[in-house]
Amino acid sequence: MNLQHTELGAGPTRKRRRPRLTLVTVSFVVIGIVVLLVLFGPLLAPQDPTAQDLADINAGPSTAHLLGTDVLGRDTFSRLIVGARSAFIGPLLIALGSMIIGNILGLVSGYRGGRVDAVIMRWVDFMWSVPTLLVLIVVAAAVGANYWLAVGLMVALTAPFDTRVIRGATLEQVPRPYVEAAKVLGVSDRRIMVHHIWPNLSATALANAFLIFASSVGVLAALSFLGLGVAPGTPDWGLMLAENESLLFSQPLAALAPGLMLALTATSMNLVGDWIYERMSNRGMSR
């Protein structure tokens, strides 16, 4: 009877997991395609993404232009392929930079405590009070549109989020017996933080990195849409949205394709990050 009950109970669980696994699989495929475009986009593009054909503007899909052309006669499909590079590399650098800075400061703040913790957390509180997008717009308007400046500012503005999360997780680990045992054995504070505490926080750190990546995709695209990101004419999904906005009803693919790619990339990174967090958390619990 117990075996039958277990088997009957396992069925709905498996059914619930199948749609989730399907979404995760699709997300991995989407990310894989985007990474492929980032690495080999210029080689895969069927046409020069910057070449203009003023005699063939606002054209619909055809064998020569799979997604049609934009207002300057440029091939939308080629620009979509090459535009993956700026849409992916910037958020990737932001996520990695924020993760490194936030993890170091969060570990030190949570482990050391006292004055060190107070100084770091006051910086975090100050940075949290700063409106990220508004700062980026003001700086870009004052200095000029610069993609890499925006990426650097995003790292500085998102690192406090990682810092606060990792600090809270570190505070939970510090009183545990394994940390006290390491201290009694004379293990250095640096080794305790890096080799003992951080591995237990790695799932949280990676989940935050994926979350920051997804949000950065939208922020950088918004800056490019406003003309404050990449230089004019650069193949970029956010800039393509702005350039092709007027074609929404006459040539909708030129406007919808980059927006769809932005949404798919951000959503896929979120789903994969959530899946990795669950797998790592479950593995840590079983260990």
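The structure under discussion appears in the preceding block.
Everything quoted here is computed from the prediction, not taken from an experiment.

Could you clarify how one ought to interpret the overall build of the protein chain in this entry?
In terms of helices and strands, the protein chain carries 10 helices and zero strands. When the helices and strands of the protein chain are read in sequence order from the N terminus, they spell out α-α-α-α-α-α-α-α-α-α. Burial status across the protein chain gives 41% buried among its 287 residues. For the protein chain, the separation between the mean place of its 21 positive charges and that of its 17 negative charges on side chains is 15 Å.

Where do I start with the nonpolar core in this structure?
One broad rule of soluble globular proteins: the nonpolar side chains tend to lie buried together. Counting residues in hydrophobic clusters, the biggest one holds 24 residues, and the most contacted among them are Val34, Leu80, Phe213 and Trp237. When residues in this core are grouped by element, the largest group, six residues, is from helix 10 (residues 252-286). Those residues in contact with tryptophan 237, other than ones at most four positions away along the chain, are Val34, Leu80, Gly83, Ala84, Ala87, Pro258, Met261, Leu262 and Thr265. Of all hydrophobic cores here, the second largest spans 17 residues; its members include Ile94, Val155, Leu220 and Leu228.

I tried to follow the packing of aromatic side chains on my own but got confused; where do I start?
Any two aromatic rings considered together are summarised by their centre-to-centre distance and by the angle between their planes. Per the stated rule, a full pass over the model turns up four aromatic pairs. Ring centres of tryptophan 128 and phenylalanine 161 lie 6.4 Å apart, and the angle between their planes is 20°; this geometry places the pair in the stacked category. Of this pair, tryptophan 128 sits in helix 4 (residues 114-128) while phenylalanine 161 sits in helix 6 (residues 147-173), placing them 33 residues apart in sequence. For phenylalanine 161, a relative accessible area of 27% gives the class partly exposed. Centroid distance tyrosine 147 to tryptophan 148: 5.0 Å. Interplanar angle 80°. Geometry classified as edge-to-face. Assessed through its relative accessible area of 10%, tyrosine 147 is described here as buried. On the basis of relative accessibility, which here comes to 53%, the residue tryptophan 148 falls in the exposed class.

Sorry if this is basic, but what is going on with helix 3 (residues 84-112) here?
At 3.6 residues per turn, the α-helix brings residues three or four places apart onto the same side. If you check helix 3, its first and last C-alpha atoms are 42 Å apart, about what 29 residues at 1.5 Å a residue would give, namely 42 Å. At the C-terminal side of helix 3, glycine 113 shows a positive phi close to 70°.

What counts, and where the lines are drawn
- Residues numbered from 1 in each chain as written.
- Predicted model: local features only at pLDDT ≥ 70, side-chain atom pairs only at ≥ 80, totals over all residues.
- Heavy atoms only, no water.
- Helix = DSSP H or I, 4+ residues; strand = E, 2+ residues; numbered from the N terminus.
- Buried < 20%, exposed > 50% of the residue type's maximum accessible area, 1.4 Å probe, protein only.
- Lys, Arg positive; Asp, Glu negative; His and termini not counted.
- Charge placed at Lys NZ, Arg CZ, Asp CG, Glu CD.
- Core = buried A, V, L, I, M, F, W, Y, C linked by side-chain atoms within 4.5 Å.
- Contact = heavy atoms within 4.5 Å.
- Phe/Tyr/Trp six-rings, centres within 6.5 Å; stacked < 30°, edge-to-face > 60°.
- Expected span 1.5 Å × (residues − 1).

Read these as layout, nothing more, since geometry by itself doesn't imply function.
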